[in-house]
Each structure stands twice: as C-alpha cells, then as structure tokens.
Amino acid sequence: MDSRELVSKACEAMKSAYTPYSGFKVGAALLTKGGKVYTGCNIENASYTPTICAERVAFFSAVRDGERDFCKIAIVGGKGGVIASFTYPCGVCRQALYEFGGPKLTVIMAKDENDYIVTTLGDLLPYGFGPAN
C-alpha cells in the first residue's frame, strides 16, 4: 500500500475521534508487513489519564489480533478535525510503537494525501528502548 492510501485511511479514522475537551482530533492507520491496515482515533476522557492516542488504538488493536510485524504508520490530526499542520506521535506512542516496529518503522505525518513528511521511528526516537534492551 502506498503512503497516499495509508494517509487517506488515517483521515477517515480521524472522523471517529472523541475529543470533547481538546477538540483536537487524530487519526492513524498502521500497516502490517502482511498488508493489513489497522486504524485508530484518539479517545478523550474527562479525567484525562484514561485518554488514549490514535496511534496506540491502532497498534493495540493489531497486537490484540496477533499482529507483530509492522512497516509503516500514517498520522493526521487537527483542531475540530481540520488538518492545518503535521501531527507527530507523542513520546508514549513512539515508545509503544518501538516495541514491535523498532527503529526502521516508517512514520508518515500528513496534512493530506499529497502533503506529508516521511521519516523513521528511529529518527523520532533515536535511543528507543525495545525488547533487545
């Protein structure tokens, strides 16, 4: 699956975000090495601690289904669901993704299907802590 298609799936997932407190909706689409896509959206909670990011919703859903090998993730986000800039994964999400994606996982931050940044998890988390540690 190319990056544009994955970004499109992240944009679609963003529509399901539950963000009554921040208003900042995020969608993520995670691609397994086997070609399956898992999507996620952020879900807020009044007490904030139980709030979960879109990236971890997608990742945890994939792991729940037995997936362990991932090749790329696309992330989009914006206030009120309007994407105005690139949305990077938070530190907690970077660490969670590192568990199975490792430093070579491709990370795509997008404004839309034609305007995106591609990097690796290793660039975003240069000294990540993973199973080898």
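Parameters at a glance
- Residues numbered from 1 in each chain as written.
- Predicted model: local features only at pLDDT ≥ 70, side-chain atom pairs only at ≥ 80, totals over all residues.
- Heavy atoms only, no water.
- Pairing = 2+ DSSP bridges.
- Helix = DSSP H or I, 4+ residues; strand = E, 2+ residues; numbered from the N terminus.
- Right-handed = clockwise from strand over helix to strand, strands pointing away.
- Salt bridge = Lys/Arg side-chain N within 4 Å of Asp/Glu carboxyl O.
- Axes fitted to C-alpha atoms, helices over the stretch in contact; angles between N-to-C directions.
- Contact = heavy atoms within 4.5 Å.
- Buried < 20%, exposed > 50% of the residue type's maximum accessible area, 1.4 Å probe, protein only.
- Lys, Arg positive; Asp, Glu negative; His and termini not counted.
- Polar contact = N/O pair within 3.5 Å; in protein donor to acceptor, adjacent residues only side chain to side chain.

Student: So what's going on with the pairing of strand β4 (residues 106-112)? Residues and values would help.
Tutor: Bridging between strand β3 (residues 70-79) and β4 involves four bridges; their strand directions are parallel. The residue of β4 that forms the bridge with I75 is M109. Each parallel crossover has a hand, and for β3 linked through helix α3 (residues 91-101) to β4 it is right-handed. Linking β4 to strand β5 (residues 115-120), which pair antiparallel, is a turn of two residues.

Student: Could you give an account of the pattern of salt bridges, naming the residues involved and the relevant values?
Tutor: Counted according to the given criterion, the structure contains two salt bridges. Measuring nitrogen to oxygen at the nearest pair gives 2.9 Å for the salt bridge that ties D65 to R64.

Student: So what's going on with the pairing of strand β2 (residues 37-41)? Which residues, and what values?
Tutor: In the sheet, strand β1 (residues 24-32) pairs with β2 via five bridges, with the strands oriented antiparallel. Opposite L31, over in β2, you have V37 as the bridge partner. As consecutive antiparallel partners, β1 and β2 are separated by four residues, and within that stretch G35 has a phi angle of approximately 95°, a positive value.

Student: How would you summarise the sheet that holds β1 if you had to cite specific residues and measurements?
Tutor: Taken together, the five strands give an open sheet; going across it, the order is β2-β1-β3-β4-β5, and neighbouring strands pair in mixed fashion. Strand pairing shows two members of the sheet lacking a second neighbour, β2 and β5, which therefore form its edges. Strand-to-strand twist in this sheet, taken as the mean axis angle between neighbours without regard to direction, amounts to 20°. Helix α2 (residues 54-64) contacts β1, β2 and β3 of the sheet and is inclined by roughly 140° relative to β2.

Student: For the side chain of K72, give the residues involved together with the corresponding values.
Tutor: You can see K72 is positioned in strand β3. Summary of buried charges: K72 has no salt-bridge partner, and the nearest side chain of opposite charge, D2, is 6.7 Å away. Reaching out from K72, the side chain makes a polar contact with the backbone oxygen of M1 at a distance of 3.3 Å. Once residues within four sequence positions are removed from consideration, K72 is found in contact with M1, D2, S3, L6, A29, L30, L31, L105, T106 and I108.

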